[in-house]
Structures are given as C-alpha cells and as structure tokens.
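# A look at the structure
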Amino acid sequence: MNRFYRKYRVVGNWANILLMLTVLVPLLALSYFNHPSPADDFCYIFTVFKIGWFEAMKLYYTEWTGRYFGIFLNHTSPLLFHSIAGFKVLPVILLLGMVFALYSLFRHLTPTLSRLAHLGFAGVVFFLYILKMMSISEAFYWMAAFVTYTVPNILTLLWIVLVLRWYRQDTQPAKLFVGALSGFLIFAVIGSSETNLLIMVLLVGAWLAYRVLFHRKVDAFMVSMAVVTALSCYFYFASPGNAARIGGNPLGGNIPFSVVSSFKKLSYLGFDWVFRTPLIFFTLAWLFVLSRLSEGARNYFSIPVWYAVLLFIGVLSAQLFPSYYGVGIEPTPRVINCVYFFFLIGWFYIVGVLFHYFKKRKITLLNLTTVRYGIVCAILLASVALSFFRSSNVKMMYTDLLKGKAAAFDKEMYQRYALIKSSQEDILYLPPIRSKPMTIFLDDDIKTDPTHWWNKCTAGYFGKEAIYMKDTEGGQQQ
C-alpha cells in the first residue's frame, strides 16, 4: 500500500495539475480577447471624467452603495488610463491569483504534503469550480462583477492564510506586518459586497468564538481584527446609498422570506453540485490522502464537527440571504459563483474534520485497500471525463476559442472603437456585435434607445452626445 501511495503521489498530483490546465489554459488564452463591457464599466469612468475621481467615488457611496472598496476598484479601472489592454491583463491576474490563493490555503492546512500535492489540490478545486460555475464571464472578465466578488473571494482565502501564519511568527516585526496586512484584507473584503461582508463577519466571529470557547485564549491580534471588522462594517452600513438598493421590491427586507428562500436555494444547489459533478469520487481520493497523514499533520482539522458544519452552512446560506433580503430576487449568477467557490473549499475541509474526528476515536468508516482505491481511481477518471465533455462551460470556452468567436468579437470591438474615434459627428449609429463569445462577453450591450444608461455612459466616455444601436437583425433589445 505504501508503494502504491508513493506512486499515486507522483502520478495523481500531476493528473490533478493536468485537470487544472485543461480549463485554465483556454481561459488564459481567452483573456487576450476581452474588452470592457458597456454594462457599468464605462459608466464608472465617465463619471470620473465628468466630476473627478474622488467626487465620483463619493457620489456612488452616498447615492448608490456602501461597497467602498468595490467603488474604489471600479473607478480605478484601466479605462481611466484609456487602456483596453488592461482588460486583457486583469483576467490573467485573477485566474492565476485564484490558483495561488487555493495553493497557499492548502499548503498551510496540510503542511506535511509536497508543494506538488498542494498545487494538485488547488487544481482539483479550480477544475470543479470552472466545470459547474454559473457564469465564467461574471467571475473573470466583467470588471464590474469580478471586483465585488472574485477579488474579495481571493482576498478572503489569503486572509485565512495570514491568520494561520501569524501564530507561527517568531518575531514582533513579522507579527506586526502580518497583522497589518490581515487588517487591510478584512477592510477590503467587507467593502467589496454585502455577500463578502457576511462571509468575513462569520469567519472572524467563528475564529474569535473558537479561540475563546475551546482554547480559553484572547490575544491582541484577535481583538485588533475584531475592531477592524467592526469599523469596516460601520463604514459600509453608514453609506446613505444602501437605501437605494433596498425597497425596490416588496419582498425586499422580508426576513422570514429571505431565510427560507436562502435555505431552499442552497439545498437545490448543493444537490446539483454533489451529485452532478465528480465531487464524491474526488472526496474518496481525499480520504485516501487524509489516511496517510499523521494526527499532528491534521491539526487544522481538529475543531468540533458540529462547529465546522454550522459555520459551513452559515457561510453558504449567508451569501444567498442579501439577494432575497436586499432586493427580493433570485441570486445573480455572480453570487452563485461565490457560493459554489466556498462550497467546494468548505466541503473538503468538512470531510477532513469528519475524518480526523473518527480517526481519533479509532473508528474506520472506509477501509481503502490498494484494490479498492484502484477501483475508485478508475471510476474517478471515467466520471471526470464524462463531466468534462458534458460541461456546458467547457464546451462554451473551447468553442469560443477554437472556432474563432472570441477573435471575431475582438475584431468587431476594435472596429467599433475605430468608428467612434474617427467620426466627427456627435451622434453615432453603431452596428450590433454579432460575434458573442459568452465565456467572456456579458450578454448586455448598448441599446436602440440612446437614453439607456449603457448608451449614455459609452457616449460620455468617448466624448459623444449620443450613441444609438442600429435597429438591425441581431440588435439588442431596448
């Protein structure tokens, strides 16, 4: 069995990395064809050009939303510097940043495993994430969405890593540096969206409660992080603009409806993610890895099972709650992306907690012999292949890349920019975009109505009085 495990450590880890590359490489390639979206991207910078950078952020904070860090990022986009190329670079940073954050987290949770194993584990989670996520474009390519969800998701993982590292620092300067960086990440995450605010508040609260209840310890780091969390929440909720996002729907602000709807949605999504992906078979492989770790190497999985499960369910349902409570509608695809991301990470962590619990009590739930594990691997390979070729996300991104849809879209967008810049007229009529690679294209464009926000913002950004969408076949709806 040990010889088999050593062989698996090499072959299995490289196989996991290969799985990651099958989805990561096309996404990186598609980044080259990305462009800013008329949906919001131009609006932020047009406002900056009109009233100034600081005043624009102040306007959004006082009249629309308390997402102060999201406001900052959106008003500091590459469009501020008239750069389209920046929108091709940002998705690359996001994709690699997510892999790095996953790698760092697993490296700290399982420090005795090899770096290759940590990268392989990150690869598995990233592969499963892309396979079933609700919207790739909203996660990595549409800036107005990814700065308020994907960016704080990555920062949240890095914050967990920093908390684990703080307790391992030997010098006071190192602790001060890690503590200051941790505080900044809390501030940034809470200021990105109400979804990530709730995640961070729950994580900080759970960490403090665990240290107090189970270790009977209170330290300056905990207290300072609690203070930063409280101040960040105050800064978020003090925004007068939050009222504009609540009350637009009669079901908004209805707590019973929001709670029930959140749990119903989570149950539906959870069933889909568990039974319509290779997750169960990857879980069995994870149990095999856990069985080879010593009790000391599983130290970070030693928290009470009930506590871990309660936090897991709380973090997931809390992400769905703001959509129902704030505006009384179903969560958007970018919110579902966020829930799925933390579902995958939490799932593997809960399995680790359960394994550690039973192992300490010398209860063997699964006797993984070489033969049985070989069978699991064979089924896992078949399941992965089947899920890969059936995944609508995989089909979409490979089609967009290999059949030239993304390249054609890129060409059309540059033609649109050239037409706008070369025209001496203040009122323009633009043809609709016909090539729509849905991996990177948010299906929302300028309209036939020149008073629509997307039209007004695009026209304002390029210094035009008005921009119309030609009402031709394939054009956008008003």
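This write-up is about the structure you can find in this document. Predicted model, so just to flag it, every value in this text is computed and none were measured.

## A closer look at the overall build of the chain
The secondary structure content of the chain amounts to 21 helices and 2 strands. For the chain, the C-alpha radius of gyration of 24 Å lies close to 23 Å, the compact-globule estimate for 478 residues. Seen through its principal axes, the chain has C-alpha atoms that stretch 80 × 50 × 45 Å. By the burial criterion, 55% of the 478 residues in the chain qualify as buried. Within the chain, contacts between residues at least 6 apart in sequence are counted, and of these 80% link residues at least 24 apart. Of the accessible surface of the chain, which amounts to about 21,800 Å², a share of 66% is contributed by carbon and sulfur atoms. Here the chain contributes 42 positive and 23 negative side-chain charges, whose respective centroids are spaced 19 Å apart.

## Regarding the nonpolar core
Counting residues in each nonpolar core, the largest one holds 152 residues, and the members touching the most others are Leu102, Phe126, Tyr129, Ile130, Phe140 and Trp159. Looking at this core, the element that brings in the most residues is helix H17 (residues 333–360), giving 15 residues. If sequence neighbours within four positions are ignored, Phe126 has contacts with Met20, Val23, Leu24, Leu27, Leu95, Met98, Val99, Leu102 and Phe140.

## Quick notes on helix H2 (residues 41–51)
Burial analysis of H2 places 8 of its 11 residues in the buried class, the great majority of the element. Among the residues of H2, Asp41, Phe42, Cys43, Tyr44, Ile45, Phe46, Thr47 and Val48 are the ones counted as buried. Where H2 is buried, its residues contact helix H3 (53–63), helix H4 (68–74), helix H5 (86–109), helix H8 (143–146) and helix H21 (453–461). Immediately beyond the C-terminal end of H2, within one or two residues, lies Gly52, with a positive phi of roughly 105°.

## Here we look at the state of the cysteines
Counted by the stated rule, this structure contains 1 disulfide. Through a disulfide, Cys43 is tied to Cys457; the S-S separation comes to 2.1 Å. Since a negative S-S torsion denotes a left-handed disulfide, the Cys43-Cys457 link at about 100° is right-handed. Remark: Cys457 occurs in helix H21 and Cys43 occurs in helix H2; sequence separation between them is 414 residues. Relative accessible area serves as the criterion here: at 2%, Cys457 is assigned to the buried category. Take Cys233: it sits in no disulfide, and the sulfur closest to it among the cysteines is that of Cys338, at 16 Å. You can call Cys233 buried: its relative accessible area is 14%.

## Some thoughts on a nonpolar patch on the surface
Judged by side-chain polarity, Val212, Leu213, Phe214, Val218, Val223, Val227, Leu231, Trp306 and Leu310 come together as a nonpolar surface patch covering roughly 870 Å² of accessible area. When residues of the nonpolar patch are traced back to their parent elements, those giving at least two are helix H11 (194–215), helix H12 (220–237) and helix H16 (305–327). Along the chain, Val227 falls in helix H12. Here Val227 falls in the partly exposed class, since its relative accessible area comes to 43%.

Quick notes on the rules
Residues numbered from 1 in each chain as written. Predicted model: local features only at pLDDT ≥ 70, side-chain atom pairs only at ≥ 80, totals over all residues. Heavy atoms only, no water. Helix = DSSP H or I, 4+ residues; strand = E, 2+ residues; numbered from the N terminus. Rg over C-alpha atoms; globule rule 2.2 N^0.38 Å. Buried < 20%, exposed > 50% of the residue type's maximum accessible area, 1.4 Å probe, protein only. Contact = heavy atoms within 4.5 Å. Areas by Shrake-Rupley, 256 points an atom, 1.4 Å probe, with all protein chains shown as cover. Lys, Arg positive; Asp, Glu negative; His and termini not counted. Charge placed at Lys NZ, Arg CZ, Asp CG, Glu CD. Core = buried A, V, L, I, M, F, W, Y, C linked by side-chain atoms within 4.5 Å. Disulfide = S-S within 2.5 Å. Patch = residues over 30% accessible without salt bridge, like charges linked within 9 Å, V, L, I, M, F, W, Y side chains within 5 Å. Salt bridge = Lys/Arg side-chain N within 4 Å of Asp/Glu carboxyl O.

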